[in-house]
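So the chains spell out like this:
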Amino acid sequence: MRMLWGGASASSQYEGGFELFNKGMDTQDCRRYIKRTDNATTSTRLLTRADIERAKYPLDGDFFPGRKGSEGLLHIDEDIEYLSELGIDIYRISIAWSRIFPTGEEETPNEEALNMYGDILKKLKSKGIKIYLSLTHYALPLALVEKYGGWKNRKLIDLYLKYAKVIFERFGEYLDFVVPFNEINTGFFSPFNGLGLLRDENREGSGYDLNDIFAGLHNQFIASAKVIELGKKMLKASFGCMAACFCYYGYSCNPLDQLKTLQYEQINQWFFTDVLAAGEYPYYMKKYFRDNDIKVEFLPGDREILRNNTADFVGFSYYQSNVCAFEEMEKTAGNLVVSTKNPYLKANEWGWQIDPVGMRISMNKIYDRYKKPVMITENSFGYNDVLEEGNIINDDYRIQYLNDHFEQIKLAIDDGVECLAYLLWGIVDIVSAGSLEMTKRYGVVYVDADNLGNGTYKRYKKKSFKFYKEFIEKEKNVVKS
Ligand code: BGP
């Protein structure tokens, strides 16, 4: 099958419609916009009990970007026309669990919400666009955080399976690729977004208990494997796993820099896909658990469930590469993690270091490790685009970024890597996940809105729209010829 070229979004960053169809509050509806002072994004990502209370009883002037997204539901028909005009092969969408089960525990699902998602999937399919479904993309029903403490409670596995079963029953015929969790490694860096764990301000250090984090991750691993087991009985779709790829480089040929890089890559990236794509906890986690006094409870059958229901493909998000240095050195940000500055690379406004060659390296390393097809499920250039006179957006910097990364993707494929698809992240502008900024734009379609939800939310094609459309056209013709 020809490599597919497409786009991607996430329910809480795109949809809006907070008041529609009796949606239950989810974790992303609780994240309040706070003007960025640095790139840590702790205040908008690692929520406390007080943050939840404030989200439930907002103060004047509070704005929660996840409730408005980029008003996707109000513009869905127009946006699907843009996707069709681009000629994309595949579109990644996520469903908000709390639209289907507002508290996560209702007996019956919300029919209006199911009909709304069904219409969207049908429209995409009618344009000949394949569907990649993220069953969840950070958006966990808030009631499950308040009642069970989020994913650290094993009860969530059954509730998640109940949700997945409804989605498979209703939409199975539309689904080509299914991935149970977005960036399964998020729980380790961003326990609120990834696992629904609240940060305890009175606790030392990160405010989290590592035992809660690894209990939550274990429950998600089991849930992911059980969803694959269920899904393979119900659908013809391909089932994957997906992690944020950090592409770590050692700062120098100092063996200590290389050792730190090996260890960082193990715990920040490989651990999660080793469990989901290879089917078992890797050897190196025994030492990590021992050194950190972590006890993960395996119930009878857990090891078999993981071993017997591994992912068919390994998806990953790629934005930048990162550097590991044994000595403390000047830092910069990178998706979810803080990295040491790389003197050979430039960074965007948020400190994310631009590295097209890192894409080729990452594709080779992931494919080499699992010998399973890979999929680039997120990539693009975050930038504060300017809407110029005549509703023009000259995002030549994004065209350059995309072109350089496409070149490296093709070189990786020439290396022999099997790559299923490339999905341009936030193809129609959406709210950013880390900093909740609308002005951190990734798309080839501009949305006229600011960080506080003001604006027309009108859409305008950027210069990169034509670039991507022509690139896809060429890709399709190359294969035909
Ligand atoms: C990943 C998320 C996406 C997306 C991306 C870019 O972690 O899966 O939701 O947002 O990061 O990050 P940001 O939006 O913070 O720029």
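Conventions used here
Residues numbered from 1 in each chain as written. Predicted model: local features only at pLDDT ≥ 70, side-chain atom pairs only at ≥ 80, totals over all residues. Heavy atoms only, no water. UniProt positions renumbered as here; feature names shortened; annotations may be inferred. Salt bridge = Lys/Arg side-chain N within 4 Å of Asp/Glu carboxyl O. Helix = DSSP H or I, 4+ residues; strand = E, 2+ residues; numbered from the N terminus. Near = heavy atom within 4 Å. Polar contact = N/O pair within 3.5 Å; in protein donor to acceptor, adjacent residues only side chain to side chain. 1 Å grid on protein atoms, 1.4 Å probe; cavity = no way out; pocket = protein on both sides within 12 Å on 5 of 7 lines; lining within 4 Å. Sits in = over half its atoms within 2 Å of the grid points. Contact = heavy atoms within 4.5 Å. Buried < 20%, exposed > 50% of the residue type's maximum accessible area, 1.4 Å probe, protein only. Points joined across faces, edges and corners; volume = space filled by probe spheres on them. Nonpolar A, V, L, I, M, F, W, Y, C, P; charged D, E, K, R; others polar. Pairing = 2+ DSSP bridges. Right-handed = clockwise from strand over helix to strand, strands pointing away. Core = buried A, V, L, I, M, F, W, Y, C linked by side-chain atoms within 4.5 Å.

- An unreviewed UniProt entry lists the protein under the name Aryl-phospho-beta-D-glucosidase BglH, with Lachnoanaerobaculum saburreum F0468 as the source organism.
- Regarding the protein, the UniProt comment filed under Sequence similarities (unreviewed entry) reads as follows: "Belongs to the glycosyl hydrolase 1 family."

1. A short note on the pattern of salt bridges
No. 1: Applying the stated criterion across every chain yields a total of 39 salt bridges.
No. 2: Salt-bridge contacts for glutamate 53 lead to lysine 56; the nearest nitrogen and oxygen are separated by 3.6 Å. Linking glutamate 53 with lysine 56, this pair stays in helix 3 (residues 49-56), spanning 3 residues, or about one helical turn.
No. 3: Here aspartate 385 makes a salt bridge to lysine 462, at a shortest N to O gap of 2.6 Å.

2. What about the site of the ligand?
No. 1: Around the ligand there are 15 residues in total, and Gln13, Glu183, Ala433, Gly434 and Tyr442 lie nearest to it.
No. 2: In the model, an oxygen atom of the ligand is placed 3.2 Å from a nitrogen or oxygen of the tyrosine 138 side chain.
No. 3: With respect to the ligand, the side chain of asparagine 182 contributes an N or O atom lying 3.1 Å from an oxygen atom.
No. 4: Because more than half of its atoms lie within 2 Å of the grid, the ligand is assigned to the largest pocket.

3. Some words on the environment of serine 435
No. 1: The residue serine 435 is located in the loop between strand 12 (419-425) and strand 13 (445-447) in this model.
No. 2: In this structure the C-alpha to C-alpha distance between serine 435 and tyrosine 33, which are 402 residues apart in sequence, comes to 7.7 Å.
No. 3: Look past the residues within four positions of serine 435 in its chain and what remains in contact with it is Tyr33, Arg36, Thr41, Thr44, Trp350 and Lys440.
No. 4: Here serine 432 takes part through its side chain, which lies 2.8 Å from a polar atom of the side chain of serine 435.

4. A look at unusual backbone geometry
No. 1: Positioned with a positive phi, tyrosine 138 is a non-glycine residue whose angle comes to about 75 degrees.
No. 2: Relative to the elements of secondary structure, tyrosine 138 occurs in the loop between strand 3 (130-136) and helix 7 (142-148).
No. 3: Since its relative accessible area comes to 10%, tyrosine 138 is described here as buried.

5. Section: the layout of surface pockets
No. 1: Size it by volume and the largest pocket reaches roughly 880 Å³.
No. 2: Taken together, 39 residues make up the lining of the largest pocket; nearest its centre are Ala40, Arg45, Phe189, Leu336 and Val337.
No. 3: For the lining of the largest pocket, the secondary-structure elements that each account for two or more residues are helix 2 (42-45), helix 9 (186-189), helix 10 (191-195), helix 11 (210-234), helix 12 (255-278), strand 9 (331-334) and strand 10 (337-340).
No. 4: For the lining of the largest pocket, the element with the most residues is strand 9, which contributes 3 residues.
No. 5: Per-class residue counts for the lining of the largest pocket are 20 nonpolar, 15 polar and 4 charged.
No. 6: Its volume calculated, the second largest pocket comes out at about 320 Å³.

6. Observations concerning the pairing of strand 12
Every regular strand shows the same layout, with side chains that alternate between the two sheet faces.
No. 1: Among the 7 residues of strand 12, 7 are classified as buried, and the element is accordingly described as predominantly covered.
No. 2: Of the pairings in the sheet, the one linking strand 1 (residues 4-8) to strand 12 comprises 5 bridges and is parallel in character. By the bridge assignment, alanine 8 is partnered in strand 12 with tryptophan 425.
No. 3: Relative to strand 12, strand 11 (residues 374-379) runs parallel, the two being bridged by 3 bridges. Following the sheet pairing, asparagine 379 is matched in strand 12 by leucine 424.
No. 4: The handedness of the strand 11 to strand 12 crossover, carried by helix 16 (residues 396-415), is right-handed.

7. Quick word on empty space enclosed by the protein
No. 1: Evaluation of the coordinates by the stated rule reveals 10 cavities of 30 Å³ or more.
No. 2: In this structure, the largest cavity encloses a volume near 130 Å³.
No. 3: Lining the largest cavity we find 17 residues, and of these Thr136, Tyr138, Phe181, Gly194 and Gln220 sit closest to its centre.
No. 4: Listing elements by their share of the lining of the largest cavity, those giving two or more residues are helix 9 and helix 10.
No. 5: Ranked by residues supplied to the lining of the largest cavity, first place goes to helix 10 with 3 residues.
No. 6: Among the residues forming the lining of the largest cavity, the class breakdown is 8 nonpolar, 8 polar and 1 charged.

8. Structural notes on the nonpolar core
No. 1: By size, the foremost hydrophobic cluster in this structure holds 160 residues, and its most contacted members are Phe214 and Tyr468.
No. 2: Among the elements that line this core, the one with the most residues is helix 8 (residues 155-171), at 11 residues.
No. 3: Not counting residues within four places of it along the chain, the set of residues in contact with phenylalanine 214 comprises Phe188, Ile267, Phe271, Met285, Tyr288, Phe289, Ile294 and Val296.

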